[in-house]
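Working through the structure, step by step
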Amino acid sequence: MTQQQWNSVDDYFTGLLTPHDDALTAALRDSDEAGLPHINVAPNQGKLLQLLAQIQGARRILEIGTLGGYSTIWLGRALPEDGHLVTLEYSPEHASVARGNLARAGLDKLAEVRVGPALDSLTALAAEHPEPFDLVFIDADKANNPHYVEWALELTRPGSLIVLDNVVRGGAVTDGTSTDASVRGTRAALELMANHPKLSATALQTVGTKGYDGFALARVSD
Ligand code: SAH
Ligand code: DHB
Ligand code: MG
């Protein structure tokens, strides 16, 4: 199987099931024009996030790693009118592009972009004693993945869902001797999901327009 085959199948699925509207198309265009890297979720993955949030009946969503707000739009569209989404982004430039994209998508009332290192933003967020989040999407610097899973546990309730992106690392996730910070962080997060008494988790490998990758899902229990 080749990347070309994965692309054509993704194009078929995406064209049929998850076509873009103007706000999504413009979000990617403006992200590209601003020089943001092309590391947003694919359309069919964005729709998966949206479906998971809807199945979850999510009213409150936390995202760690905003980029240009493409995944944020998919997630934000799952929320009811009085729902709330907090998305955390290190880069002020990325956050600014994301705010524009969210406003054009009509989500600026629902979605709040907080700028800074996510670990700082999470400390500040927790100090506000927010209502628990129903879904947390972790998609930022992979070295901090175990810390993000710990914070997700702090900020959720029994029944909440944690989604962790990019868990395959080109297959290197199996290498327990790896010195790569992203591999180590991802392995530590998966081990936490495996061993934590309040988490029930699985992980899946994926192929598609983003190449070979995967994600983990964990449900918070009592
Ligand atoms: N979720 C987005 C993609 C996020 S890419 C989408 O699918 O559309 C990862 C983002 O995490 C980048 O914008 C990067 O600037 C941000 N990031 C990296 N390190 C971070 C940190 N320590 N705190 C917050 N954001 C961080
Ligand atoms: C990268 C980050 C992502 O979140 C992603 O989905 C793909 C790639 C990266 O940093 O290369
Ligand atoms: Mg990602």
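Scroll up to find the structure.
This report concerns the structure included in the present document. (Residues numbered from 1 in each chain as written. Chains lettered and ligands numbered in written order. Predicted model: local features only at pLDDT ≥ 70, side-chain atom pairs only at ≥ 80, totals over all residues. Heavy atoms only, no water.)

Every residue lining ligand 2 is accounted for by Ile 39, Asp 139, Lys 142, Asp 165, Asn 166 and Lys 210. A distance of 3.3 Å separates an oxygen atom of ligand 2 from a polar atom in the backbone of Ile 39. One of the side-chain nitrogen or oxygen atoms of Asn 166 is found 2.7 Å away from an oxygen atom of ligand 2. The protein chains hide 64% of the 290 Å² of surface that ligand 2 would expose on its own. Partitioning the shell around ligand 2 into residue classes produces one nonpolar, one polar and four charged. (Near = heavy atom within 4 Å. Polar contact = N/O pair within 3.5 Å; in protein donor to acceptor, adjacent residues only side chain to side chain. Areas by Shrake-Rupley, 256 points an atom, 1.4 Å probe, with all protein chains shown as cover. Nonpolar A, V, L, I, M, F, W, Y, C, P; charged D, E, K, R; others polar.)

There is a patch of nonpolar side chains on the surface, built from Val 9, Tyr 12, Phe 13, Leu 16 and Leu 17 and spanning about 520 Å² of accessible area. Among the secondary structure elements, Leu 16 is positioned in helix α1 (residues 3–17). Residue classification places Leu 16 among the exposed residues on the basis of a relative accessible area of 54%. (Patch = residues over 30% accessible without salt bridge, like charges linked within 9 Å, V, L, I, M, F, W, Y side chains within 5 Å. Salt bridge = Lys/Arg side-chain N within 4 Å of Asp/Glu carboxyl O. Helix = DSSP H or I, 4+ residues; strand = E, 2+ residues; numbered from the N terminus. Buried < 20%, exposed > 50% of the residue type's maximum accessible area, 1.4 Å probe, protein only.)

Next up on the list: the nonpolar core. Among the nonpolar cores identified, the biggest contains 28 residues, and Ala 53, Ile 61, Ile 73, Leu 75, Leu 135 and Phe 137 are the most heavily contacted of them. Taken together, the elements giving at least two residues each to this core come down to α2 (22–33), α3 (43–55), α4 (70–76), α5 (92–104), β3 (111–115), β4 (133–138) and β5 (156–165). At four residues, the largest contribution of residues to this core is made by α4. By size, the runner-up hydrophobic cluster in this structure holds 26 residues, among which are Leu 125, Phe 133, Val 168 and Ala 216. (Core = buried A, V, L, I, M, F, W, Y, C linked by side-chain atoms within 4.5 Å.)

Empty space among the atoms becomes visible once a probe the size of a water molecule is rolled across them. Empty space within the largest pocket amounts to approximately 420 Å³. The wall of the largest pocket is formed by 30 residues, among which Gly 65, Thr 66, Glu 89, Asp 139 and Ala 140 lie closest to the centre. If you list the elements that add at least two residues to the lining of the largest pocket, you get α2, α4, β2 (84–89) and α6 (118–127). Among the elements that make up the lining of the largest pocket, the one with the highest residue count is α2 (three residues). Counted as a void, the second largest pocket has a volume near 220 Å³. Along its surface, the second largest pocket is lined by 16 residues, and Trp 6, Asp 10, Asn 44, Val 207 and Gly 208 are the ones closest to its centre. (1 Å grid on protein atoms, 1.4 Å probe; cavity = no way out; pocket = protein on both sides within 12 Å on 5 of 7 lines; lining within 4 Å. Points joined across faces, edges and corners; volume = space filled by probe spheres on them.)

In this section: α3. With 13 residues, α3 ought to run about 18 Å at 1.5 Å a step, and its terminal C-alpha atoms sit 18 Å apart, in line with that. Buried residues along α3 sit against α1, β1 (60–64), α4, β4, β5 and β7 (211–220). A positive backbone phi angle near 65° is found at Gly 57, which sits one or two residues after α3. (Expected span 1.5 Å × (residues − 1). Contact = heavy atoms within 4.5 Å.)

A few words now on the packing of aromatic side chains. What the rule picks out here adds up to two aromatic pairs. Ring geometry for Tyr 12 against Phe 13: centres 5.9 Å apart, planes inclined by 45°, an arrangement best described as tilted. Lying over the aromatic face of Phe 133, Arg 60 brings its terminal NZ or CZ to 4.5 Å of the ring centre. (Phe/Tyr/Trp six-rings, centres within 6.5 Å; stacked < 30°, edge-to-face > 60°. Lys NZ or Arg CZ within 6 Å of the ring centre and 35° of its normal.)

Ligand 1 sits among 20 residues. The nearest are Val 41, Ser 71, Glu 89, His 94 and Ala 118. Here an oxygen atom of ligand 1 and a side-chain polar atom of Glu 89 are 2.6 Å apart. Residue Tyr 90 places a main-chain N or O atom 3.0 Å away from a nitrogen atom belonging to ligand 1. Coverage of ligand 1 by the protein chains reaches 89% of its 590 Å² of free accessible surface. Applying the majority rule of atoms within 2 Å of the grid points places ligand 1 in the largest pocket. Grouping the amino acids of the shell around ligand 1 by side-chain chemistry returns ten nonpolar, six polar and four charged. (Sits in = over half its atoms within 2 Å of the grid points.)

Another aspect to go through is the side chain of Asn 166. Looking at where Asn 166 falls in the secondary structure, it is placed in the loop between β5 and α8 (181–195). Residue class for Asn 166 comes out buried when judged on its relative accessible area of 9%. Of note is the side chain of Asn 166, whose polar atom sits 2.9 Å from the side chain of Asp 213. Dropping the residues within four chain positions of it, Asn 166 is found in contact with Asp 139, Lys 142, Thr 186, Lys 210, Asp 213 and Gly 214.

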